[in-house]
There are 2 protein chains.
Amino acid sequence: MYITMIDGPDLASHLSHLRSLIEARLNFDSQLSHDCPRQLLDSIRYSLLAPGKRIRPCLAMLACEACGGDPKDALPAASALEMIHCYSLIHDDLPAMDDDDLRRGRPTNHIQFNEATAILAGDGLLTLAFESLAKEISDPQVAVACIADLASAAGAEGMVGGQQADLEAEDAAHISLEELEAIHRRKTGRLLTAPLLMGGRLAGANGETLNNLKIYGESVGLAFQIADDLLDVVGDSSKMGKNVQKDADHGKSTYPALLGVEESRKRANLLIEQACEAIANFGERGNHLAALAKYIVERDH
Amino acid sequence: MYITMIDGPDLASHLSHLRSLIEARLNFDSQLSHDCPRQLLDSIRYSLLAPGKRIRPCLAMLACEACGGDPKDALPAASALEMIHCYSLIHDDLPAMDDDDLRRGRPTNHIQFNEATAILAGDGLLTLAFESLAKEISDPQVAVACIADLASAAGAEGMVGGQQADLEAEDAAHISLEELEAIHRRKTGRLLTAPLLMGGRLAGANGETLNNLKIYGESVGLAFQIADDLLDVVGDSSKMGKNVQKDADHGKSTYPALLGVEESRKRANLLIEQACEAIANFGERGNHLAALAKYIVERDH
């Protein structure tokens, strides 16, 4: 219901405003000018400042806003989240991992620079994410909680573990829906839930509110993955900036492959309903979060 | 003077005691049992629990002791430091980096497992280091300061930047002594200074004391590198667990190559004197730190 209360242009212009704040912050945070080798800095900034949807940073800022804070208060979390996301893309694209030459229409980091530099740029970004959280969040208790959220979501029990499980699953002939969901929960879900918690903490949210944000994040995270799989089947390569059908061609398990296109769509929509329900008692302040959830399943790139 | 007050066995037995505490802690901290893919966990533990000197963790515990704290209070820092050191070894050994098959007589991580798993094990350890600092240091202000110390020492302006500069220097025909020192200060020096600061902070040290520990750390860090270069020229391969003369064979710039063996030895000894001077006013509590500094230049493996 409240989804329809926000019209597209309103959300779009709000996100566009947040994105400009985020990009200015990323530009600032990545100016490691005085003691970083030039090529490493170029490589870090090549990937970090590349055009992107900035979904994780936007989620952190919208969560902060939904809890009554100023979205700008979430900028340290927003920046750190994008650094982690960006490092994971650089490492995932490496020859030993997914071996991709192209990302969003541009050469991947190891193609543009070289493999050693790409590995180090990823390591540098991962480290910088925690350094900036430690240095830029003024309340030490909030800083420590945000660092724990982010590390737990990004580490061996979260995103890194999900990538490992995903690589192992590629070698398996067939995986079940449960196994697929477990991979996605770790590989993408945890890092879509962390922004909600971090943004809420930076607005001083209490435990119950953080829990509602967590439910929203988990539901949106899974819906996001289903939407991604659907785009791979029915997407338009010119809008995606990469070859579509790549997953299917590689025999990779996807929601459409396991459930069919229609059932996958239904599942994504149900998850979005659950997400919106979790934040229903936020009232009007949660409108942008609700609209963003809807946007995630409706986007065409 | 106070170096000779500590006899070898006293330091050796104290370090051996600290190492057993550290190894128990590393074993505990790396038990990511409930949601980490088995092979990733095996890979993380293969490298983290491999026999090692644990110099960085020992430095943190000795610094804590030198400032009047219980060395055990520094265990969260000790564990995180070893995780960072360990991840850096895994990534440095990769084919795209130093391309080493053997470390301390055992197959390197990517040889034992595979390249993708080694990259992810490194990423997982790097992330776990910050997670454990955030979760295991009870005072949030001390936790945040330790996280900032460690990230700054390990990141693009520290260790990661040093590795990049080192790889770039390998392509250069000749580098100066100043360039060599700048590389080592970042590549190994910063991560040998961080333990001193972190250990001091965990004992509640004031700014002046932290500054003295920093001077000690910087001097010992450079001396450590000179000693490593010397071992490469004059070391015994059976004790080193790796091929000696490797750096020289690769035409890599080293202290002995730039200064000669005798001058390098002198320089290392002078640095150790400076280190001991910086902690002279710690009195007896600094004896172990002083003895460790001496051990670093006298070790034969």
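Structure: above.
Not measured: the values here are computed from a predicted model.

What counts and what doesn't
- Residues numbered from 1 in each chain as written.
- Chains lettered and ligands numbered in written order.
- Predicted model: local features only at pLDDT ≥ 70, side-chain atom pairs only at ≥ 80, totals over all residues.
- Heavy atoms only, no water.
- Helix = DSSP H or I, 4+ residues; strand = E, 2+ residues; numbered from the N terminus.
- Buried < 20%, exposed > 50% of the residue type's maximum accessible area, 1.4 Å probe, protein only.
- Areas by Shrake-Rupley, 256 points an atom, 1.4 Å probe, with all protein chains shown as cover.
- Least-squares fit on C-alpha atoms with pLDDT ≥ 70 in both.
- Contact = heavy atoms within 4.5 Å.
- Phe/Tyr/Trp six-rings, centres within 6.5 Å; stacked < 30°, edge-to-face > 60°.
- Lys NZ or Arg CZ within 6 Å of the ring centre and 35° of its normal.
- Expected span 1.5 Å × (residues − 1).
- Core = buried A, V, L, I, M, F, W, Y, C linked by side-chain atoms within 4.5 Å.
- Buried area = accessible area lost by both parts, 1.4 Å probe.
- Salt bridge = Lys/Arg side-chain N within 4 Å of Asp/Glu carboxyl O.
- Nonpolar A, V, L, I, M, F, W, Y, C, P; charged D, E, K, R; others polar.
- Disulfide = S-S within 2.5 Å.
- Polar contact = N/O pair within 3.5 Å; in protein donor to acceptor, adjacent residues only side chain to side chain.
- Arc of directions from axis to C-beta.

## What about the overall build of chain A?
Broken down by element type, chain A carries 16 helices and two strands. Split into buried and exposed, the 301 residues of chain A put 58% on the buried side. When the accessible surface of chain A is totalled, it reaches about 11900 Å², and 48% of it is carbon and sulfur.

## Considering the relation of the copies chain A and chain B
With an RMSD of 0.0 Å, chain A superimposes on chain B once it is rotated by 180 degrees and translated 0.0 Å along the axis. Within this description, the copies of the chain are treated as partners about a two-fold rotation axis. Ranked by how close their C-alpha atoms come to the rotation axis, the residues of chain A are headed by P140 of chain A, at 2.7 Å. When the interface residues of chain A are mapped onto chain B, 100% of them again fall at the interface, so both copies present the same face.

## Here we look at the packing of aromatic side chains
Within the structure shown, the criterion is met by three aromatic pairs over all chains. Taking the centre distance of 5.5 Å and the plane angle of 80 degrees together, the rings of Y46 of chain A and F113 of chain A count as edge-to-face. Note that Y46 of chain A is positioned in helix α3 (residues 38-48) and F113 of chain A in the loop between α6 (109-112) and α7 (115-136), a separation of 67 residues in sequence. The ring of Y46 of chain B has R106 of chain B sitting right over it, with the charged end atom 4.0 Å from the ring centre.

## Points about helix α9 (residues 159-171) of chain A
Residue and element names in this part refer to chain A. For α9, which comprises 13 residues, the first-to-last C-alpha distance of 19 Å matches the rise-based estimate of 18 Å (1.5 Å per residue) to within 8%. Counting buried positions along α9 gives ten out of 13 residues, so the element sits mostly inside the fold. Taken as a whole, α9 has its buried residues at M159, V160, G161, G162, Q163, Q164, A165, D166, L167 and A169.

## Here's the deal with the nonpolar core
By size, the foremost hydrophobic cluster in this structure holds 197 residues, and its most contacted members are I84, L150 and Y216 of chain A together with I84, L150 and Y216 of chain B. Other than its neighbours up to four places away in sequence, Y216 of chain A contacts L59, L196, A275, A278, I279, L289, A290, L292 and A293 of chain A.

## Comments concerning unusual backbone geometry
Phi is positive for R54 of chain B, close to 55 degrees, though the residue is something other than glycine. For R54 of chain B, the position within the fold is in the loop between α3 (38-48) and α4 (55-66).

## Topic: the interface of chain A and chain B
Contacts between chain A and chain B engage 48 residues on the former and 48 residues on the latter. With both chains or domains summed, chain A and chain B bury close to 4000 Å², and 69% of this area falls on carbon and sulfur atoms. Where chain A meets chain B, there are one salt bridge. Among the salt bridges present, the one from R186 of chain A reaches D35 of chain B, with a minimum N-O distance of 2.9 Å. Breaking the side of chain A that touches chain B down by element, the ones donating at least two residues are α3, α5 (75-92), α7, α8 (140-154), α9 and α10 (177-202) of chain A. Split by residue class, the side of chain A that touches chain B holds 26 nonpolar, 13 polar and nine charged.

## Regarding the environment of D100 of chain B
If you trace the backbone, D100 of chain B turns up in the loop between α5 (75-92) and β1 (102-103). When the C-alpha atoms of D100 of chain B and F224 of chain B are compared, they prove to be 21 Å apart, with 124 residues separating the residues in sequence.

## Describing the state of the cysteines
Tallying each qualifying case throughout the model produces zero disulfides over all chains. Looking at the unpaired C146 of chain A, the closest cysteine sulfur is the one in C64 of chain A, lying at 9.8 Å. On the accessibility criterion, C146 of chain A (0% relative accessible area) is buried. The structure places no disulfide on C276 of chain B, whose sulfur is separated from the nearest cysteine sulfur, that of C67 of chain B, by 15 Å. Among the residues examined, C276 of chain B registers a relative accessible area of 5% and is labelled buried.

## Looking at the pattern of salt bridges
Residues and elements named next belong to chain B. The tally for this structure, following the rule as stated, stands at 27 salt bridges over all chains. Taking the shortest distance from any N to any O, the salt bridge between R201 and D149 comes out at 2.6 Å. With R201 in helix α10 (residues 177-202) and D149 in helix α8 (residues 140-154), this residue pair connects regions lying 52 residues apart in the sequence. We note a salt bridge from E181 to R267, for which the minimum N-O separation is 3.2 Å. In this pair, E181 sits in helix α10 while R267 sits in helix α15 (residues 261-278), placing the two residues 86 residues apart along the sequence.

## Details of the side chain of S79 of chain A
Residues and elements named next belong to chain A. Examined against the element boundaries, S79 turns out to sit in helix α5. Side chain to side chain, S79 and D29 meet in a polar contact 2.6 Å long. In contact with S79, other than residues within four places in its own chain, are R25, L26 and D29.

## Here we look at helix α15 (residues 261-278) of chain A
Residue and element names in this part refer to chain A. For α15, which comprises 18 residues, the first-to-last C-alpha distance of 26 Å matches the rise-based estimate of 26 Å (1.5 Å per residue) to within 8%. Restricting attention to buried positions, one finds in α15 the residues S264, A268, L271, I272, A275, C276 and A278. The arc enclosing the buried residues of α15, seen along the axis, measures out at 155 degrees, which places them on a common side. Away from its buried face by more than 90 degrees, α15 exposes E262, K266, E273 and E277.

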